[in-house]
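# Tertiary structure, described
Below, each chain spelled out in residue letters.
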Amino acid sequence: MINEPLADVRDMYMAHTMFRREIGLAPALVRGVPGGDVTRAATVADHFQVVDNSLHHHHVAEDEHVWPRLAERAGAEAEPVVRVMEEQHTAIGALLDEVRAGLARWRGTADAAQGEALADVMTRLHEHLVEHLAVEEDLALPLIEKHITAAEWGRMIADSAGDVVPERIPLIFGMMAYEADPGTVRDIVTQMPPEISAVIGELAPKSYAAHAQQVYGTATPARIGARGAVA
């Protein structure tokens, strides 16, 4: 029996929507780069690397902080869920490695054939990710709400920031908050350190709007909804 406040997982749904949207839109971004336009290719590659870094650290933090605790505390109920989560993380990690290799080749050439191959791998990554996040939301998050404390969840979220520099935090949070319920965003902001909570509410949407304008040509890229998928 846990006698401490338990995890509030609403921020996880925000992150999942961000990953579905940004990775779902990535193949079209790559295919839309004119052959040989290395400046535009670098813009798209830099954007994807921001998303990739967030997803990588997100999964590492879950692997280190969440799955072992669920396996210990929820026993047989959690065992098959944890096994699937770990297997899916491994598969997604392999696809991310393919994307990184393709991105490194393509960004310096903007070669159309390389771009098409890269977009195909990104599409497979998105398909695997959508499947994984759906299973996590349906099976893992309900267990987390019962067996992981708010303090443990907070440490996981802090670690999931990885090596993000402070100047990048408004952009990442803006990506997460773009489709989120405003009340949820306010609740999460109030839990942040005062020096961040005082400014993040204003900075985050502006940061993402400016970034999206550069990447997508609009400050309001296609929304997918909490359980949607970009076609």
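Our subject in this report is the structure included herewith. (Residues numbered from 1 in each chain as written. Predicted model: local features only at pLDDT ≥ 70, side-chain atom pairs only at ≥ 80, totals over all residues. Heavy atoms only, no water.)

## With respect to the nonpolar core
Ranked by internal contacts, the top residues of the largest apolar core, which has 48 residues, are Met14, Phe19, Phe48, Trp106, Met122, Leu125 and Phe173. Elements with a contribution of two residues or more to this core: helix 1 (10-31), helix 2 (38-65), helix 4 (79-107), helix 5 (112-147), helix 7 (169-177), helix 8 (182-190) and helix 9 (194-216). The element contributing the most residues to this core is helix 1, with nine residues. Ignoring sequence-local partners within four residues, the contact set of Phe48 consists of Ile23, Ala26, Val99, Leu103, Met122 and Leu125. (Core = buried A, V, L, I, M, F, W, Y, C linked by side-chain atoms within 4.5 Å. Buried < 20%, exposed > 50% of the residue type's maximum accessible area, 1.4 Å probe, protein only. Helix = DSSP H or I, 4+ residues; strand = E, 2+ residues; numbered from the N terminus. Contact = heavy atoms within 4.5 Å.)

## Section: a negative patch on the surface
Negative charge collects at one region of the surface, where Asp63, Glu64, Glu86, Glu87 and Asp159 lie side by side. Taken together, the elements giving at least two residues each to the negative patch come down to helix 2 and helix 4. Here Glu87 is to be found in helix 4. (Patch = residues over 30% accessible without salt bridge, like charges linked within 9 Å, V, L, I, M, F, W, Y side chains within 5 Å. Areas by Shrake-Rupley, 256 points an atom, 1.4 Å probe, with all protein chains shown as cover. Salt bridge = Lys/Arg side-chain N within 4 Å of Asp/Glu carboxyl O. Lys, Arg positive; Asp, Glu negative; His and termini not counted. Charge placed at Lys NZ, Arg CZ, Asp CG, Glu CD.)

## Looking at the pattern of salt bridges
Going through the model one piece at a time under the given rule, you end up with 16 salt bridges. For Arg73, the salt bridge identified is with Glu152, shortest N-O distance 2.6 Å. Pair noted here: Arg73 is in helix 3 (residues 67-74) and Glu152 is in helix 6 (residues 150-160), with a separation of 79 residues, a long-range link.

## Brief notes about the packing of helix 2 against helix 3
Relative to each other, helix 2 and helix 3 sit at 30 degrees, their axes nearing to 4 Å. One way to sum up the angle between helix 2 and helix 3 is to call them roughly parallel. For the pair formed by helix 2 and helix 3, the contact residues are Glu62, Asp63, Glu64 and His65 on the first element and Trp67, Pro68 and Arg69 on the second. Looking at the contact of helix 2 with helix 3, its residues break down into two nonpolar, one polar and four charged. (Axes fitted to C-alpha atoms, helices over the stretch in contact; angles between N-to-C directions. Parallel < 35°, antiparallel > 145°, perpendicular 65-115°, else oblique. Nonpolar A, V, L, I, M, F, W, Y, C, P; charged D, E, K, R; others polar.)

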